[in-house]
Amino acid sequence: MSPDGTGAGGRDVLGQPRGLLPLSGLEVWERFSFLGMQAILVLFFSATAADGGLGMEPGAAASVAAGYSTLVYLLSVAGGWIADRMLGSYRAVLYGGLLIACGHYAMAVPLPAFTWIGLGLISAGTGMLKPNVAAMVGKLYSATDERRDAGFSLYYMSINIGAFLGPIVTGLLGEGIDWHWGFSAAAVGMTLGIVQYVAGRRHLAGRRDGAEFPLPPAAMRRAVWLLVGGALVVAAACVALSLLGALTLPGFVDTLTYVSMAAPAVYFAVLWRSPRVTAAERGRLRPFLVLWLASVAFNFVLFQSYTVLVLLTDAHVNTSVFGYHAPSSWISSALGAVSVLSAPFIAGLWQRMGRRQPHASTKLACGVLLGGLGFLVLVPTLLGTSGDGWRIGLVWIVLAVLCIGVGDVLLESTGLSATSKLAPAAFSSQALALWFLSLALATGIQAQTVKFYGRIADSLYFTLNGAVAVVAALAVLAVAPWLRRTMHPVR
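Residues numbered from 1 in each chain as written. Predicted model: local features only at pLDDT ≥ 70, side-chain atom pairs only at ≥ 80, totals over all residues. Heavy atoms only, no water.

1. Thoughts on the overall build of the chain
Right, on to step 1. Looking only at helices and strands, the chain features 18 helices and two strands.
Right, on to step 2. By the compact-globule yardstick of 23 Å for 491 residues, the chain fits well, its C-alpha radius of gyration being 21 Å.
Right, on to step 3. Split into buried and exposed, the 491 residues of the chain put 55% on the buried side.
Right, on to step 4. Looking at the chain alone, contacts between residues at least 24 apart form 84% of all its contacts between residues at least 6 apart. (Helix = DSSP H or I, 4+ residues; strand = E, 2+ residues; numbered from the N terminus. Rg over C-alpha atoms; globule rule 2.2 N^0.38 Å. Buried < 20%, exposed > 50% of the residue type's maximum accessible area, 1.4 Å probe, protein only. Contact = heavy atoms within 4.5 Å.)

What follows is the structure in structure tokens.
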């Protein structure tokens, strides 16, 4: 293990490298801000102008919110490339965090233009931060370190601590006082995340280094000009086309869906053909593709928990508990709570089992299966419902959240850990970015399917969406023997 990864004293904390603490702490606050804002975003979009919202139809609001998530994860590819070739992981994460904070502060301004500016800054910043934080966690362990999966489970638990706390705070402020108060809370959270990240930098692997595979000086200067100039040109073109009426919000969302389909294919081809990738590393890309597709299926369900499930709860679920009416956005917090509570048990189980633990592909398949069951469990109570006056019990939403939350821990912690081990050495951050492209494709597809929410029977909607994940899980289990043979050194 790198001495730089375990801190100046080289001592572990709770059996894990010291560098895991500042990285996990950053994720707490990044998820607090991102998912806290996302929990109220679809409600803000669908609220009437009189209630301070943008007055979109529920299906359109869910589609735009999904399109925003698609843009976030599409930009993770650029963030991974910038870290690998220009800035290094530490600086890429720092600059990404600063962009995210600026974006949330912009959204705190109660003007529609600042909403879109803020979402753009958050998208760019999250694309810089997310793949590179995960890559930095991977660098704390050797490929054969048995603590690796447990460490990623603890790291993912920290993500869900933020996912739990963020919607509680932003939901109370946004639904109870004003939407922009909720966005302000997200801004403060991200600022705290940056502060603790910088304070703990001495324990981080690679903090003293720039890019691991930097561009030559001339190419570096050219890349900087292209990135800055390209961003300005795209922004100016979007503004001009919008003013001319040639670029509409639905059209932009549709474009993001097309890009989310094309980008992974292009990126897999780049990795496959790169001379920097060895024959052994190229062979591991095949099983990685299977895991990647399973992630698409699961996240297709997961991200609807922040849009469709919130809208269902807001319109058709009595959220009163012991006389207190909980904000519907707290469904997102419940999802984080399940993940937080289950992650330590799952991490402890893997650590106790050691080499006897299930193979990564089996863990991942179980996670995808639970995600699908999370939607299917709603189907019996939704059968026969129609109109606007019907209600379902809160217990059904709780059951759905339990399944999806536990599945989330199984899939994401295992997927991130496996990706960090299967990644070609020359593309460590970019391979994590490629993993996040599975989230981009999932949300890109979701941006189209959520348009049918409210147009077809809810029971049919949840049956079809849940079945996607179940079928994907069974497919992974079917090819599990091949995956165990081809995923070395992943166990």
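2. With respect to the pattern of salt bridges
Right, on to step 1. Enumeration according to the criterion identifies three salt bridges in this entry.
Right, on to step 2. Across the pair D254 and K451 runs a salt bridge whose closest N-O atoms are separated by 2.9 Å. Here D254 is found in helix α9 (residues 249-273), whereas its partner K451 is found in the loop between α16 (428-449) and α17 (458-478), with 197 residues between them in sequence.
Right, on to step 3. Under the relative-accessibility criterion, D254 is labelled partly exposed at 21%. (Salt bridge = Lys/Arg side-chain N within 4 Å of Asp/Glu carboxyl O.)

3. Focus: the nonpolar core
Soluble globular proteins tend to bury their nonpolar side chains together.
Right, on to step 1. The biggest cluster of nonpolar side chains holds 124 residues, and the ones touching the most others in it are V368 and F462.
Right, on to step 2. Top element by residues in this core is helix α2 (residues 20-46). It accounts for twelve residues.
Right, on to step 3. Beyond its immediate chain neighbours, meaning those up to four positions away, F462 contacts V308, L309, L312, F375, L376, L378, V379, L382 and Y453.
Right, on to step 4. Ranked by size, the runner-up nonpolar core spans six residues in total, among them I82, A83, A92 and M128. (Core = buried A, V, L, I, M, F, W, Y, C linked by side-chain atoms within 4.5 Å.)

4. Observations regarding the environment of A343
Right, on to step 1. By secondary structure assignment, the location of A343 is in helix α12 (residues 330-353).
Right, on to step 2. Along the chain, A343 and F152 lie 191 residues apart, while their C-alpha atoms are 9.7 Å from each other.
Right, on to step 3. Excluding anything up to four places from it in sequence, A343 contacts S153, M157 and V409.

5. Description of the packing of aromatic side chains
Right, on to step 1. Scanning the model with the defined rule gives 15 aromatic pairs in all.
Right, on to step 2. Measuring from ring centre to ring centre gives 5.9 Å for F268 and F288, while their planes differ by 50°; the resulting arrangement is tilted. Of this pair, F268 sits in helix α9 while F288 sits in helix α10 (residues 279-302); the two residues are 20 residues apart in sequence, bridging distant segments of the chain. F288 matches F268 in its accessibility class, with the two residues each being buried. (Phe/Tyr/Trp six-rings, centres within 6.5 Å; stacked < 30°, edge-to-face > 60°.)

6. With respect to the packing of α10 against α17
Right, on to step 1. Two elements in contact, α10 and α17, have axes whose closest approach is 8 Å; the angle formed by their N-to-C orientations is 155°. Judged by the angle between their axes, α10 and α17 are roughly antiparallel. The hand of the α10/α17 crossing is left-handed. Here V290, A294, A297, F300 and V301 of α10 come into contact with α17, specifically with N465, V468, A469, A472 and V476. (Axes fitted to C-alpha atoms, helices over the stretch in contact; angles between N-to-C directions. Parallel < 35°, antiparallel > 145°, perpendicular 65-115°, else oblique. Left-handed = near helix turned anticlockwise from the far one by under 90°.)

7. A closer look at helix α13 (residues 360-376)
Right, on to step 1. Compared with the 24 Å implied by 1.5 Å per residue over 17 residues, the 25 Å span of α13 between its first and last C-alpha is a close match.
Right, on to step 2. Of all the residues in α13, the buried ones are A360, S361, K363, L364, A365, G367, V368, G371, G372, G374 and F375. (Expected span 1.5 Å × (residues − 1).)

8. Concerning α10
Right, on to step 1. Here α10 spans 35 Å end to end across 24 residues, near enough to the 34 Å set by a 1.5 Å rise per residue.
Right, on to step 2. If you look at α10, its biggest bend is around 30°, right at P287. (Bend = angle between axes of the 7 residues up to and from the residue.)

9. Section: the packing of α2 against helix α11 (residues 308-316)
Right, on to step 1. Where α2 meets α11, the closest approach of the two axes is 9 Å, and the angle between their N-to-C directions is 60°. Relative to α11, the element α2 lies oblique. Here the hand of the crossing between α2 and α11 comes out right-handed. Residues A39, V42, L43 and S46 of α2 lie in contact with α11, whose contacting residues are V310, L311 and D314.
Right, on to step 2. Across the contact of α2 with α11, the residue classes tally to five nonpolar, one polar and one charged. (Nonpolar A, V, L, I, M, F, W, Y, C, P; charged D, E, K, R; others polar.)

10. A word on a nonpolar patch on the surface
Right, on to step 1. Taken together, the side chains of V224, L227, V228 and L232 present a nonpolar region at the surface, about 330 Å² in accessible area.
Right, on to step 2. Counting through the fold element by element, L227 comes out in helix α8 (residues 217-244). (Patch = residues over 30% accessible without salt bridge, like charges linked within 9 Å, V, L, I, M, F, W, Y side chains within 5 Å. Areas by Shrake-Rupley, 256 points an atom, 1.4 Å probe, with all protein chains shown as cover.)

11. What to know about the environment of W292
Right, on to step 1. Turning to its location among the elements, W292 is positioned in helix α10.
Right, on to step 2. Separated by 127 residues in sequence, W292 and T419 have C-alpha atoms that sit 9.1 Å apart.

12. Focus on the confidence of the model for the chain
Right, on to step 1. Per-residue pLDDT for the chain averages 81, and the proportion of residues at 70 or more is 91%.
Right, on to step 2. Per-element confidence in the chain ranges from a low mean pLDDT of 40 for helix α1 (residues 3-6) to a high of 92 for α17. (pLDDT = per-residue confidence, 0-100.)

13. Brief notes about the environment of Y105
Right, on to step 1. Looking at where Y105 falls in the secondary structure, it is placed in helix α4 (residues 89-107).
Right, on to step 2. Sequence-wise, Y105 and H180 are 75 residues apart; in three dimensions their C-alpha atoms are separated by 9.5 Å.
Right, on to step 3. Setting aside its immediate chain neighbours within four residues, Y105 contacts A187, V188 and T191.

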